[in-house]
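Close look at the chain arrangement
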Amino acid sequence: AEGFLAGPQGGVFVWDTGQLHIDGILGFQSGNGTLIQLGGRVYYTIHRGQSSDFSLGGGLGLLNADGEGANSESVTNFYLEAGAKIRAFVTSNVALQATVGLGLAFLDNDLGGDDTFGLGSRQSGGSTVIGDVGSVGPVASWGIVYYFR
């Protein structure tokens, strides 16, 4: 699992062509409403080591939250990011990866406030920004990826 620098988080699916790798992120949560998180990123490898690589790229994300009961409002947020990714391959098909960069959030605040633009990462405590910018934490994410080869 991995997340955007400024938004969607969930399971990551990677298509790696060697020089180019494409990440798809899908997250879903149901309970007191429904939360759907989608994202896509593309990275271009600019340097490769014996068991690691360094890439530059970016992506687009979408977060949709539909509440239930008294909180039945719907929120749809869009995210844009640009960053650098380092992958360290522990084995031929398992990699630890870290991403740093710049995340932009375009927040649809249907919960009674103004629409908001945010620059940064996640709110304090690691929760995904949904309806307000909040205080900004570190602009980084990390994860582990298994490659079916």
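These remarks concern the structure in this document.

The rules behind each value
Residues numbered from 1 in each chain as written. Predicted model: local features only at pLDDT ≥ 70, side-chain atom pairs only at ≥ 80, totals over all residues. Heavy atoms only, no water. Helix = DSSP H or I, 4+ residues; strand = E, 2+ residues; numbered from the N terminus. Buried < 20%, exposed > 50% of the residue type's maximum accessible area, 1.4 Å probe, protein only. Polar contact = N/O pair within 3.5 Å; in protein donor to acceptor, adjacent residues only side chain to side chain. Contact = heavy atoms within 4.5 Å. Pairing = 2+ DSSP bridges.

1. Let's talk about the side chain of asparagine 64
- Mapped onto the secondary structure, asparagine 64 falls in strand E5 (residues 52–67).
- For asparagine 64, a relative accessible area of 19% translates into the label buried.
- Only 2.8 Å separates the side chain of asparagine 64 from the side chain of threonine 76, close enough to count as a polar contact.
- Once residues within four sequence positions are removed from consideration, asparagine 64 is found in contact with Thr34, Leu35, Ile36, Ser74, Val75 and Thr76.

2. Let's talk about the pairing of strand E3 (residues 20–31)
- Across 6 bridges, strand E2 (residues 9–16) lies against E3 in antiparallel orientation. Residue pairing across strands places valine 12 opposite isoleucine 25, the latter belonging to E3.
- Where E2 folds back on E3, the antiparallel hairpin that results is connected by 3 residues, among which glycine 18 adopts a positive phi of roughly 105°.
- Summarising the sheet, E3 and strand E4 (residues 33–48) pair through 12 bridges and their orientation is antiparallel. Within the sheet, the bridge partner assigned to histidine 21 lies in E4 and is tyrosine 43.
- Turn length for the E3-E4 hairpin, with the two strands adjacent in sequence and antiparallel, is 1 residue.

These figures come from the coordinates and say nothing about function on their own.
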